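As a plain string of letters, each chain reads:
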Amino acid sequence: MTSEFVGYRPPPALRGLVAAAVGYRQAGLPPGVHRGLPSPFLTVVLPIDAPLVVCAHADPRQPGGTFETVLGGLHTRPALIAHPGRQEGIQLALTPEGARVLLGTPAAALASVDVGLDDVLGVRVTAELLDRVREAAGWPARFATVEEFLLDHLATDSHAAPEIAEAWRLTVDGGGRLRVAEIAARVGWSERHLTTQFRSETGLGPKEAARVVRFDRARRGLTARVAAGGRPDLAGLAAAAGYADQSHLTRDWRSFSGLSPLQWMAAEFGFVQDDAAVGSAGSAA
C-alpha cells in the first residue's frame, strides 16, 4: 500500500486566504467511501489521477456526480466520496475570505453544496489549471503551479465587511467557545444583526460556525493523538475542545459525521481530509 501526504505552506500573500494545502497519493487501498467532514474551510480538490466521485453531498437534495475538480462550501453534514482504492491530487483549504478574494464569491453562495471549480472560475481557466498541475513533475512543481494561479487571481477589491471578518476570526481563534452575544458586543453590532450578516456572508449562523469550529478542533486533536500512537482519550479530548462532557462530544460527532468518534476513526483514519498536513493548519482567517 502507498500512502503519501505532502504539506505546503502558502506564501504571505495568501495567508488568511488559503489555510493549508496538501498533496496526496494513495494506492493499494480497498475500495471504499471517504467522509468529507465539516470544517471552518471551503475545500478545493484538484484530482490528478481520475475525477472525484461524490456519492452523497452535504445537502441531500443535491444528486451525486463525477467531478473533474471540486469546490465544496461550508457545511454541517458529511459528504460521501467513493474511491476505487487509489487517489492522487491536491487539496486546498480556503477561508471564507479566501472564497471572496480568490474566487470572487461569498462563501454563502457555496454553502452545503459541491460544484466544479469551473462553475465559478469558468471552463477554460479551470481546465488550464488542471492541465498544468497534471503536467508538473513532482509536488514542488505542482504546488508552484497552484500558487502562481492563486496569486494571479487575487481580487484585492473584494472583501467581507470588517465586522464579519472579525467575528469569524473570534469564532475560529476562540475555538468556538465564545458566545454570540460576546462576539456581537466586540464587533459593535446587535446579536440579531450579527447573526443575519454572518449567515449572509458565510452560509452558517454564528452558533453553527462555533459548533463546526469546535468539532474541527476535536477531530484534529483525535487525529494527532492516534497518529502519535496515543490513546483516543475521548473524555480528555472533549474537555480540551470545549465540550461539556464526552457525551456532548459524541452527539456532535454523530451529527457532523454520521458516526461515533471511534467508528469514524476506524473507518476514516489516513484519508486525505484527515491527514495532519491539513488538520494542523489551524486558523488563518
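Source: prediction; values computed, not measured.

**Student:** Please clarify how the overall build of the protein should be interpreted in this entry.
**Tutor:** The helix and strand tally for the protein stands at twelve helices and ten strands. Within the protein, the proportion of its 285 residues that are buried is 49%. Look at the contacts in the protein between residues 6 or more apart in sequence, and 74% of them connect residues 24 or more apart.

**Student:** Sorry if this is basic, but what is going on with the packing of helix H8 (residues 206–227) against helix H10 (residues 246–257) here?
**Tutor:** Packed helices, taken two at a time, are described by the angle between their axes plus the distance between the axes. Packing of H8 against H10 leaves a shortest axis separation of 11 Å and a crossing angle of 100°. With respect to each other, H8 and H10 are oriented roughly perpendicular. Within the contact between the two elements, H8 uses Arg211, Val212, Arg214, Phe215, Ala218, Arg219 and Leu222 and H10 uses His248, Leu249, Asp252, Trp253, Ser255 and Phe256. The residue inventory of the contact of H8 with H10, partitioned by class, reads seven nonpolar, two polar and four charged.

**Student:** Hey, could you run me through the pattern of salt bridges in this one?
**Tutor:** Pairs may arise between side chains of opposite charge once their charged atoms sit close together. By the definition in use, this model includes 15 salt bridges. We note a salt bridge from Arg61 to Asp59, for which the minimum N-O separation is 3.0 Å. A salt bridge links Arg142 to Glu88; the nearest nitrogen and oxygen atoms lie 3.3 Å apart. Here the residue Arg142 occupies a position in helix H4 (residues 139–152), and Glu88 occupies one in strand E9 (residues 87–94), the gap between them amounting to 54 residues. On the basis of relative accessibility, which here comes to 11%, the residue Arg142 falls in the buried class. Assessed through its relative accessible area of 16%, Glu88 is described here as buried.

**Student:** Explain the packing of helix H6 (residues 180–187) against helix H7 (residues 191–202) here, please?
**Tutor:** H7 packs onto H6 with a crossing angle of 90° between their chain directions and a minimal axis gap of 9 Å. The pairing of H6 with H7 is recorded here as roughly perpendicular in orientation. Note on element contacts: H7 touches H6 through Glu191, Leu194 and Thr195, opposite Val180, Ala181, Ile183, Ala184 and Val187. For the contact of H6 with H7, a count of residues per class yields six nonpolar, one polar and one charged.

**Student:** Explanation requested: the sheet that holds strand E1 (residues 2–8) in the structure shown.
**Tutor:** Where strands meet in a sheet, backbone hydrogen bonds hold them as pairs that are either parallel or antiparallel. With antiparallel pairing, the six strands of this open sheet are ordered in space as E1-E2-E9-E4-E7-E10. The two strands at the open ends of the sheet, each matched to only one other strand, are E1 and strand E10 (114–115). The pairing of strand E2 (residues 18–27) with E9 spans eight bridges and is antiparallel. Paired with Gly23 across the bridge in E9 is Ile90. Where helix H3 (residues 123–135) meets the sheet, it contacts strand E4 (42–47) and E9, and its direction lies at approximately 60° from that of E4. Running over the sheet, H4 touches E1, E2, E4 and E9 and is turned about 35° from E9.

**Student:** Would you mind showing me how to read the confidence of the model for the protein here?
**Tutor:** In this model, the protein carries a mean pLDDT of 91, and residues with pLDDT of at least 70 account for 94%. Note that residues 270–285 has pLDDT below 50 and, in this model, 53 contacts with residues that lie over four places away or in other chains.

**Student:** Mind showing me how you'd approach the pairing of E9 here?
**Tutor:** Within a regular strand, the side chains alternate between the two sheet faces. Burial analysis of E9 places eight of its eight residues in the buried class, the great majority of the element. Burial along E9 is two-sided: Gln87, Gly89, Gln91 and Ala93 facing one way and Glu88, Ile90, Leu92 and Leu94 facing the other are all buried.

**Student:** Looking at this model, I keep getting lost on the pairing of strand E5 (residues 52–56). Mind explaining?
**Tutor:** Pairing between E5 and strand E6 (residues 65–67): three bridges, direction antiparallel. Looking at the pairing, Leu52 lines up with Phe67 of E6. Bridge count between E5 and strand E8 (residues 79–83): three bridges; the pairing is antiparallel. Of the residues in E8, the one forming a bridge with Val54 is Ile81.

**Student:** Where do I start with helix H11 (residues 261–268) in this structure?
**Tutor:** Along an α-helix, residues three or four positions apart point the same way, because every turn accommodates 3.6 residues. What H11 keeps buried is the set Pro261, Trp264, Met265 and Glu268. In an axial view of H11, the angular spread of the buried residues amounts to 100°, which keeps them on one side of the axis. Buried residues in H11 make contact with strand E3 (32–36), H8, helix H9 (234–241) and H10.

**Student:** Explanation requested: the sheet that holds E8 in the structure shown.
**Tutor:** Pairing is antiparallel in the open sheet, where four strands are placed in the order E3-E8-E5-E6. In the strand order of this sheet, the two ends are held by E3 and E6, each with one partner. Here the strands of the sheet are splayed against their neighbours by 35° on average, with no regard to which way each runs. Pairing of E3 with E8, which is carried by five bridges, proceeds in the antiparallel orientation. Counted as the bridge partner of Gly32 is His83 from E8.

Criteria and cut-off values
Residues numbered from 1 in each chain as written. Predicted model: local features only at pLDDT ≥ 70, side-chain atom pairs only at ≥ 80, totals over all residues. Heavy atoms only, no water. Helix = DSSP H or I, 4+ residues; strand = E, 2+ residues; numbered from the N terminus. Buried < 20%, exposed > 50% of the residue type's maximum accessible area, 1.4 Å probe, protein only. Contact = heavy atoms within 4.5 Å. Axes fitted to C-alpha atoms, helices over the stretch in contact; angles between N-to-C directions. Parallel < 35°, antiparallel > 145°, perpendicular 65-115°, else oblique. Nonpolar A, V, L, I, M, F, W, Y, C, P; charged D, E, K, R; others polar. Salt bridge = Lys/Arg side-chain N within 4 Å of Asp/Glu carboxyl O. Pairing = 2+ DSSP bridges. pLDDT = per-residue confidence, 0-100. Arc of directions from axis to C-beta.

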